[in-house]
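Coordinates in review
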Amino acid sequence: SQQGEEDPQALSIQEGENATMNCSYKTSINNLQWYRQNSGRGLVHLILIRSNEREKHSGRLRVTLDTSKKSSSLLITASRAADTASYFCPNNAGNMLTFGGGTRLMVKP
Amino acid sequence: GAVVSQHPSWVICKSGTSVKIECRSLDFQATTMFWYRQFPKQSLMLMATSNEGSKATYEQGVEKDKFLINHASLTLSTLTVTSAHPEDSSFYICSARLYNYGYTFGSGTRLTVV
């Protein structure tokens, strides 16, 4: 499979805590993107990290990339109930995205 | 930012009828659009890639005669579910690639076939 694989499949935390989710991929990449999907909605692009970058920040989001391990992590700091959603890091190869199962994050108020 | 507008957001239709879903790129030209299907609590599965002015490329297991894709202009791609059946009930999402930045997604269409 060439899809990105997110881990854990599900994560439940309290509001204010940090949430960390991981992603592994199999093919070589030019960049890796994280997306969020609220239940029954479309996907929202969160952040893109290029293969020559190791870490990137955007607001409360911090993404790391380790190309030697073919893995990435997404950290959401000071989580809010509104962060409850599924998070995906689809494999970006051949000019298309293929999706894994995602991480379902629940942030309890 | 680049937006893909997808309509309708939800539709209920009778078994045997056809349903058309539209995706429009509002402020950019989308030479390629992607159509995904998502069943409840599952991931997005790529159905087909549509290229403006040419035939769509379907993923294995997706019936091209059932899921008709038209991409006649640089700003509009349509997916028509023909002779819909209850098992076609799903969440359909379109996406367009933004060069050097990633992809933008429509808001999805919830199809319920009764």
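Preceding this paragraph is the structure being described.
Residues numbered from 1 in each chain as written. Chains lettered and ligands numbered in written order. Predicted model: local features only at pLDDT ≥ 70, side-chain atom pairs only at ≥ 80, totals over all residues. Heavy atoms only, no water.

**Describing the overall build of chain B**
This is how the line gets drawn: Helix numbers and strand numbers start at the N terminus; a helix is a DSSP run of H or I with at least 4 residues, a strand a run of E with at least 2. Residue burial is assigned from relative accessible area. The probe radius is 1.4 Å, only protein chains are included, and a residue is buried under 20% of its type maximum, exposed over 50%, and partly exposed in between. Any pair of residues with heavy atoms lying within 4.5 Å of one another is described as a contacting pair. Method for areas: the Shrake-Rupley scheme with a 1.4 Å probe, in which residue coverage is limited to the protein chains shown. As used throughout, the charge tally considers Lys and Arg to be positive and Asp and Glu to be negative, leaving His and the chain termini uncounted. Just so you know, the charge point we use is NZ for Lys, CZ for Arg, CG for Asp and CD for Glu.
Scanning chain B from terminus to terminus reveals 0 helices and 11 strands. The helix and strand sequence of chain B, counted from the amino end, reads β-β-β-β-β-β-β-β-β-β-β. Oriented by its inertia axes, the alpha-carbon framework of chain B measures out at about 40 × 25 × 20 Å. When burial is assessed residue by residue, chain B has 50% of its 114 residues classed as buried. The contacts of chain B with a sequence gap of at least 6 include a subset with a gap of at least 24, amounting to 51%. Roughly 5,700 Å² of accessible area belongs to chain B as shown, and the carbon and sulfur atoms make up 53% of that amount. Of note, chain B has its 10 positive side-chain charges centred 3 Å away from the centre of its 8 negative side-chain charges.

**Some words on the sheet that holds strand β3 (residues 19-25) of chain B**
Residue and element names in this part refer to chain B. Applied cut-off: Two strands pair under a simple rule: DSSP has to find at least two bridges between them. With axes taken as lines fitted to C-alpha atoms, and helix axes fitted only over the stretch in contact, angles between N-to-C directions fall between 0 and 180 degrees.
Taken in spatial order, the 4 strands line up as β1-β3-β8-β7 in an open sheet, and their pairing is antiparallel. Every interior strand has two partners, whereas the edge strands, β1 (4-7) and β7 (67-73), have only one. In this sheet, adjacent strand axes meet at a mean angle of 15° when their direction is disregarded. As judged from the 6 bridges shared by β3 and strand β8 (residues 76-81), these two strands associate in the antiparallel manner. Bridging across to β8, Glu22 finds its partner in Thr78.

**Examining the nonpolar core**
Soluble globular proteins tend to pack their nonpolar side chains together in the buried interior. Rule in force here: We call a set of buried residues a nonpolar core when its members are Ala, Val, Leu, Ile, Met, Phe, Trp, Tyr or Cys and they connect through side-chain atoms within 4.5 Å of each other.
Of all hydrophobic cores here, the largest spans 25 residues; its most connected members are B:Trp35, B:Phe67, B:Leu79, B:Tyr92 and B:Leu111. Elements with a contribution of two residues or more to this core: β2 (10-13), β3, β4 (32-38), β5 (44-51), β7, β8, β9 (90-98) and β11 (109-113) of chain B. Counting residues per element, this core draws most heavily on β9(B), at 4 residues. Those residues within four positions of B:Leu111 in sequence are excluded, and the remaining contacts are B:Val11, B:Cys13, B:Val19, B:Val81, B:Asp88, B:Ser89, B:Ser90 and B:Tyr92. Counting 21 residues, the second-largest nonpolar core is a separate cluster that includes A:Cys23, A:Val63, A:Leu65 and A:Ile76.

**Looking at a nonpolar patch on the surface**
All names here are of chain B. The criterion, for reference: Patch members must show over 30% relative accessible area and no salt bridge, and they are joined within 9 Å when carrying like charges or within 5 Å when they are nonpolar side chains of Val, Leu, Ile, Met, Phe, Trp or Tyr. Should a side-chain nitrogen of Lys or Arg be within 4 Å of a carboxyl oxygen of Asp or Glu, the pair is scored as a salt bridge.
A contiguous nonpolar surface patch, about 370 Å² in accessible area, is contributed by Trp10, Ile12 and Val114. Position of Val114 among the secondary structure elements: in the segment after β11. A relative accessible area of 57% means that Val114 is categorised as exposed.

**Comments concerning the interface of chain B and chain A**
As a reminder of what qualifies: Each of two parts loses accessible area, computed with a 1.4 Å probe, when they are put together; buried area is these two losses added. Polar contacts, as used here, are pairs of N or O atoms within 3.5 Å; protein pairs need one atom able to donate a hydrogen and one able to accept it. Residues neighboring in sequence count only if both atoms are side-chain atoms.
Counting residues at the interface gives 19 residues for chain B, matched by 18 residues for chain A. A combined buried area of about 1,500 Å² lies between chain B and chain A, and 56% of that area is made up of carbon and sulfur atoms. Summed over the shared surface of chain B and chain A, the number is 0 salt bridges. On inspection of chain B and its partner chain A, the count reaches 5 residue pairs in polar contact (both at pLDDT 80 or more).

**Quick notes on the state of the cysteines**
The term disulfide refers to a covalent linkage connecting the sulfur atoms of a pair of cysteines. All names here are of chain B. Cut-off, in case you're wondering: Defined by distance alone, a disulfide is two cysteine sulfur atoms within 2.5 Å.
Applying the stated criterion across every chain yields a total of 2 disulfides over all chains. Two residues share a disulfide in this structure: Cys23 and Cys94, whose sulfurs sit 1.7 Å from each other. Taking the sign of the S-S torsion, about -90° here, the bridge from Cys23 to Cys94 comes out left-handed. Taken together, the positions of Cys23 in strand β3 and Cys94 in strand β9 put the pair 71 residues apart, joining distant regions of the chain. Not part of a disulfide, Cys13 finds its nearest cysteine sulfur in Cys23, a span of 17 Å.

**So, the pattern of salt bridges**
The full count for this structure, using the stated rule, is 4 salt bridges over all chains. Between A:Glu55 and A:Arg62 there is a salt bridge whose closest N-O contact spans 3.1 Å. The partly exposed category is assigned to A:Glu55, whose relative accessible area is 39%. For A:Arg62, a relative accessible area of 30% corresponds to the partly exposed category. For B:Asp88, the salt bridge goes to B:Lys66, with nearest N and O atoms at 2.8 Å. Here the residue B:Asp88 occupies a position in the loop between β8 and β9, and B:Lys66 occupies one in the loop between β6 (57-58) and β7, the gap between them amounting to 22 residues. Each of the two residues, B:Asp88 as well as B:Lys66, counts as buried.

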